[in-house]
Amino acid sequence: MAKGTGDKVEGKWDETKGKVKETAGKATGDRSTELEGKKDQVKGEGKQAWGNVKNAGQRAKEAAKDATR
């Protein structure tokens, strides 16, 4: 499994959770919950991006290793 996969999964979870919170906040008129949901979505997007960076680094490392063989 790629090193960044865990971060990507956590990020997707945070993003999904945030969408639910945002929708619930809008439906109930709870601005605080709506904003918390948006924050969770941004946090999730960041984690997913970090997972992508980790995976790209791992691929680059493996490619360099293969090139030296």
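Here, the structure is the one placed above.
What counts, and at which threshold
Residues numbered from 1 in each chain as written. Predicted model: local features only at pLDDT ≥ 70, side-chain atom pairs only at ≥ 80, totals over all residues. Heavy atoms only, no water. Helix = DSSP H or I, 4+ residues; strand = E, 2+ residues; numbered from the N terminus. Rg over C-alpha atoms; globule rule 2.2 N^0.38 Å. Buried < 20%, exposed > 50% of the residue type's maximum accessible area, 1.4 Å probe, protein only. Contact = heavy atoms within 4.5 Å. Areas by Shrake-Rupley, 256 points an atom, 1.4 Å probe, with all protein chains shown as cover. Expected span 1.5 Å × (residues − 1). Polar contact = N/O pair within 3.5 Å; in protein donor to acceptor, adjacent residues only side chain to side chain. Salt bridge = Lys/Arg side-chain N within 4 Å of Asp/Glu carboxyl O.

## Comments concerning the overall build of the protein chain
Item 1. Assigned secondary structure in the protein chain consists of two helices and zero strands.
Item 2. A compact globule built from 69 residues would reach a C-alpha radius of gyration of about 11 Å, whereas the protein chain, at 17 Å, exceeds it by more than 25%.
Item 3. Dimensions of the protein chain, computed from C-alpha atoms along their principal axes, come out at roughly 60 × 15 × 10 Å.
Item 4. In the protein chain, which comprises 69 residues, the share counted as buried stands at 25%.
Item 5. For the protein chain, long-range pairs separated by at least 24 residues make up 64% of all intrachain contacts whose partners lie at least 6 apart in sequence.
Item 6. Surface summary for the protein chain: the accessible area is close to 4900 Å², and the carbon and sulfur share equals 58%.

## Here we look at helix 1 (residues 5-28)
Item 1. Across its 24 residues, helix 1 extends 35 Å between first and last C-alpha, which sits within 8% of the 34 Å expected from 1.5 Å per residue.
Item 2. Looking only at helix 1, the buried set comprises Asp7, Gly11, Asp14, Glu15, Gly18, Glu22 and Gly25.
Item 3. Tucked inside the fold, the buried residues of helix 1 contact helix 2 (31-67).
Item 4. Phi turns positive one or two residues past the end of helix 1, at glycine 29, with a value near 75°.

## Things to note about helix 2
Item 1. With 37 residues, helix 2 should reach 54 Å at 1.5 Å per residue; the first-to-last C-alpha distance of 54 Å fits that figure.
Item 2. Three or more residues of helix 2 are buried, namely Glu34, Gly37, Asp40, Gln41, Gly44, Gln48, Gly51, Asn55 and Gln58.
Item 3. Residues of helix 2 that are buried make contact with helix 1.
Item 4. You can read the cap of helix 2 off the contacts: a side-chain oxygen lies 3.2 Å from the backbone nitrogen of serine 32, and it is on aspartate 30.

## Things to note about the side chain of asparagine 55
Item 1. Mapped onto the fold, asparagine 55 is located in helix 2.
Item 2. Excluding its chain neighbours within four sequence positions, the residues that come into contact with asparagine 55 are Ala2, Lys3, Gly4, Thr5 and Lys8.

## Some details on the pattern of salt bridges
Item 1. Taken as a whole and judged by the stated rule, the model has nine salt bridges.
Item 2. Among the salt bridges present, the one from lysine 47 reaches glutamate 10, with a minimum N-O distance of 3.3 Å. With lysine 47 in helix 2 and glutamate 10 in helix 1, this pair connects stretches of sequence that are 37 residues apart.
Item 3. On the basis of relative accessible area, glutamate 10 is assigned to the partly exposed category, the value being 43%.
Item 4. The shortest N-O distance in the salt bridge between lysine 21 and aspartate 40 comes to 2.9 Å. Of this pair, lysine 21 sits in helix 1 while aspartate 40 sits in helix 2, placing them 19 residues apart in sequence.
Item 5. The exposure class assigned to aspartate 40 is buried, which follows from its relative accessible area of 6%.
Item 6. When salt bridges with common partners are traced through the structure, they connect Glu10, Asp14, Lys17 and Lys47 into a single cluster.

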